[in-house]
Every structure is written in C-alpha cells, then in structure tokens.
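The primary structure of each chain is shown beneath.
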Amino acid sequence: MTPKFSTARLDRIAPRMSHWVNEGRYAGIAWTIGGAEGEVHSGRVGALAETPLWRIFSMTKPLVSLAAMQLVEDCQIHLHNRIRRWLPEFDAPQVLAPDGALTPAREPIALDHLLSHMSGLSYPFLGDAVARRYIEAGVLADDAQPLRDAVRHAAAQPLAFHPGEAWKYSIATDVLAALLEEIEQASIGDILKARIFDPLGLSETAFHIPASEKPRVVEMRGTPQPPDWPRRGLIEFGNEHRVDDPFFGRGGHGLVSTLDDYAAIARSLLRTAQGAEDGLVAPRTLAMMSANRVPDAHLPLSIRLPFDVEAVGLGGFGFGLGFSTDLGARGRRLLGSPGAFGWSGAADTWFTVDPAGGLYAVFMSQSLDRPGASTDFQTLLHAAVAG
C-alpha cells in the first residue's frame, strides 16, 4: 500500500519548519515521510551538515524494547518472568506510600512491567517523591558509571506504586537494558548493534561516535530546566551528551542517529505491521507491542515535569510494550491515526508508524525547550494524508 498525500499540503511543512529555525529556536530541522516501498517526501531547513547526527534521547527506548522482544521470541525470557532472576537487587522491592511509609510490593517486577512503564519505577526529573529520592541518591547521575552499577543503585530506592498498578514514565528501559546485558552477557551497545543495527544495515546509530564525526552532531538549542532546579540525575543534556565514551550505554537515552537510519527502522516496522516476515520481530509480536496495555482507569497518560507549566500531554494515547499507541478520538488533541504507534525524544525528535495509513514518518530537531516544531509537523503530516 502506497500512502496518498496532498502535494499542496506537504508543501506547507518546509515554510513552517523554516519559521522555527528563523526564530532561532532550532539550528536545523529534517524530516522524512514514506511508505512500505520507501520515501515519498522529505525536507530539511537550517544549518546542517550533509548527513547530520541527531541525539535521539528517548527514541533509544523502542529499540531496546525490540531487542527484548527478540529474546522473548527466542524463548530466552518470557513477559511474565520476574526480573529478579537476572537482577537479584530487585528481589524484594518496597513501595513508598504517600505518608512516607514503606510497604513490600504486592508482586515482583516482571518483564512486561518494564516494557509497558507499569513497573513502579520513576524518573529523576519527574518531581514525585520517588524521583526526589533518586536525585538525593544520585540515581543515573554519574555518566561514567556502568549501566549495571547504575541499575543496582536505582534498585536500592523504593517504587512509586505496586508493579502493574499504574503507568508512569520511568527508568524502566534502563533496567531493561541491564537485564538484556545479563542475559546476553554483552553491552547494550553491542546487543543493539547485533540485533537491530546490523540486520538493517545501519552504520551511524550508536552510543559513541568518533571524534572526527563530532562536527556533524547538530547544535542543541534550549534550556532543559530552570537554573535553580537540581540536576536531574541523567547525563547532562545538550552539547555534553556523552558521545565521546566508547563504554557508555543506557537503555532510556544516549543513542545518536541519522534521519536515514531511523527511517529505515520505521519503514521496517511498517512492513512488519503490514505482514512482512523478515523484520526485526514477527508481525504478531509487533502487534502485541503496539497494542495498548494501560487500563482505562489510568488514561489519559501524561508526563508531568515539575518545571513545566503543563504536562507533556499523551491524551488519546495508550502504551504497549515499548511504544505509545494512538487510541483514536478518545481525548486526542492532535491530528492522528488510530492504531499508529511510535515515540519521541527529549530534544523534540519524533517518529510514527501508521499501519492503517500505510505510512511512517521521522522528525529530527534539537531543542530541549521543545518549542513546538514536532507538534506542528505531526499536524501538517496528518492534514496532508489524502486517503
């Protein structure tokens, strides 16, 4: 199936992206839209290298999730397996109650809890009581700390809720990456290379890039937090993104990629969603990953940052095993397509795979303020779909 677009409406994208660059909010922006047969439209504006490198932050997460589901397909682990078998530091997690009391978790964390962000873990930048403990304890604050040690450090902190009880964006994918390292006895970088990058022929997606390639990394704009906000416990955002350490690796962030590389991933996922059997996972596996697992009682989803005026809205979206998924008209505040799935990154990167519409799209920019270019792109993209 080849998606159909209004050429006149696609032509609206570049002027709007130029507006954002001309305002100084982004150094450059690039995007691509395609179908199962390949690219149908692309563009770029601003001061960019011939082949720019982009810090994709949380768009690392879906790739780690795909690698985990490959292990499920290989029967090396199952979704119901408790992670304490490989990560014994999670043997007896405690839950932090609103009054500050600690109670034993009703059940241990399982693999599906990590993939769906229903584990009870939090993120240092979220501002809740567990997040504050992460900051005080320096969870994920040491860039040079090996991933496995960082996860042991995180496991010493309580959970925000009982596993499976609610949804909260979290360090779960970092824990997932450490789990993969234990099972595979390899670094997460090597695991992703063997399971994701090499099969797709991707040569420029990695946690580390050679010093000679650093000029290709797109300039970061924006300020991620007020000056008086404590360090989030993640790597320093912006131009200090840790691309100079060949031993650095995380599950929730850290990869650098190109537009073409990530488009190849998105196109592969689209082909799998349409029934191709030569993808990263089987069609039925991807269908499970892209199906909502969050109960209605916990919708709409949001990621509330304490230094933002409003929450990062996920109204109209559910979450599966590594991807957000469009639930259709229920609470949707942007144009979209029911059943489309994908995710975004902290520097205003975004991708979607729309099986019903027969399209994929990848958007790359670099601003920690997230001023709105990716939101505009989503709107313009879906307004351009002709049938």
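Coordinates for the structure precede this section.
If you're wondering where the values come from, they're calculated on a predicted model, not measured in any experiment. (Residues numbered from 1 in each chain as written. Predicted model: local features only at pLDDT ≥ 70, side-chain atom pairs only at ≥ 80, totals over all residues. Heavy atoms only, no water.)

Participant: Give a detailed account of helix α11 (residues 373-384), specifying residues and quantitative values.
Facilitator: Its 12 residues give α11 an end-to-end C-alpha distance of 16 Å, which sits within 8% of 16 Å, the value for a rise of 1.5 Å per residue. Within α11, 9 of the 12 residues are buried, which leaves it mostly tucked inside the rest of the structure. Those residues of α11 that fall on the buried side of the exposure criterion are A373, S374, D376, F377, Q378, L380, L381, H382 and A384. (Helix = DSSP H or I, 4+ residues; strand = E, 2+ residues; numbered from the N terminus. Expected span 1.5 Å × (residues − 1). Buried < 20%, exposed > 50% of the residue type's maximum accessible area, 1.4 Å probe, protein only.)

Participant: Could you give an account of the side chain of Q378, with specific residues and numbers?
Facilitator: Inspection of the secondary structure puts Q378 in helix α11. When near neighbours in sequence (up to four residues on either side) are disregarded, Q378 contacts L334 and W350. (Contact = heavy atoms within 4.5 Å.)

Participant: Which residues make up the environment of A150, and what values go with them?
Facilitator: Counting through the fold element by element, A150 comes out in helix α6 (residues 147-155). A150 sits 132 residues away from S18 along the chain, and the two C-alpha atoms are 40 Å apart. With near-sequence residues (within four places) excluded, A150 lies in contact with L140, Q145 and R250.

Participant: Explain unusual backbone geometry to me, and be specific about the residues and the numbers.
Facilitator: Along the chain, L299 connects to P300 via a cis peptide bond; the corresponding omega equals 0 degrees. Considering the arrangement of structural elements, one finds P300 in the loop between α10 (283-289) and β7 (301-303). The phi torsion at H117 lies on the positive side, around 60 degrees, for a residue other than glycine. Residue placement: H117 occurs in the loop between α4 (111-116) and α5 (129-137). Residue class for H117 comes out buried when judged on its relative accessible area of 2%. The backbone of D348 sits at a positive phi, close to 75 degrees, despite the residue not being glycine. Looking at the secondary structure, you find D348 in the loop between β11 (341-345) and β12 (349-354). Looking at D348, the relative accessible area reads 1%, which means it is buried.

Participant: An account of helix α7 (residues 172-184) is needed here, citing residue identities and associated values.
Facilitator: The end-to-end C-alpha distance of α7, which contains 13 residues, comes to 18 Å, matching closely the 18 Å that a straight helix rising 1.5 Å per residue would cover. For α7, the tally of buried residues reaches 11 of 13 residues, placing the bulk of the element in the interior. Considered for burial, the residues of α7 that qualify are A172, T173, D174, V175, L176, A177, A178, L179, L180, E181 and I183. Those residues of α7 that are buried are in contact with α3 (61-73), α4, α6 and α8 (188-200). One or two positions beyond α7, positive phi appears at Q185, with a value near 55 degrees.

Participant: Summarise the packing of α3 against α8; cite the residues concerned and give the values.
Facilitator: Packing of α3 against α8 brings their axes to within 10 Å, and their N-to-C directions diverge by 75 degrees. For the element pair α3 / α8, the angle class is roughly perpendicular. For the pair α3 and α8, contact is made by L63, V64, L66, A67, Q70 and L71 and by I188, I191, L192, R195, I196 and F197, respectively. (Axes fitted to C-alpha atoms, helices over the stretch in contact; angles between N-to-C directions. Parallel < 35°, antiparallel > 145°, perpendicular 65-115°, else oblique.)

Participant: Go over the pattern of salt bridges, please, and point to the residues and values.
Facilitator: Under the counting rule described, the total for this entry stands at 15 salt bridges. When the shortest N-O distance is used, the salt bridge between R16 and D376 registers 2.7 Å. Here R16, found in helix α2 (residues 13-22), pairs with D376, found in helix α11; they are 360 residues apart in sequence, far enough to count as distant. Assessed through its relative accessible area of 19%, D376 is described here as buried. Of the charged contacts in the structure, one is a salt bridge between D74 and R195, with a shortest N-O distance of 3.3 Å. Note that D74 is positioned in the loop between α3 and β4 (94-96) and R195 in helix α8, a separation of 121 residues in sequence. Members of the salt-bridge network, linked through shared partners, are D74, E184 and R195. (Salt bridge = Lys/Arg side-chain N within 4 Å of Asp/Glu carboxyl O.)

Participant: Describe the side chain of S268, with residues and values.
Facilitator: Note that S268 resides in helix α9 (residues 259-273). Those residues in contact with S268 that lie beyond four places of it in its chain are L200, G279 and L280.

Participant: Could you give an account of the pairing of β12, naming the residues involved and the relevant values?
Facilitator: Burial runs high along β12: 6 of the 6 residues are buried. Here β11 folds back onto β12, and the loop between the two strands holds 3 residues, one of which, D348, carries a positive phi near 75 degrees. Relative to strand β13 (residues 359-364), β12 runs antiparallel, the two being bridged by 5 bridges. Paired with T352 across the strands is A361, a residue of β13. Between β12 and the antiparallel strand that follows it, β13, lie 4 residues; G358 among them carries a positive phi value of about 70 degrees. (Pairing = 2+ DSSP bridges.)

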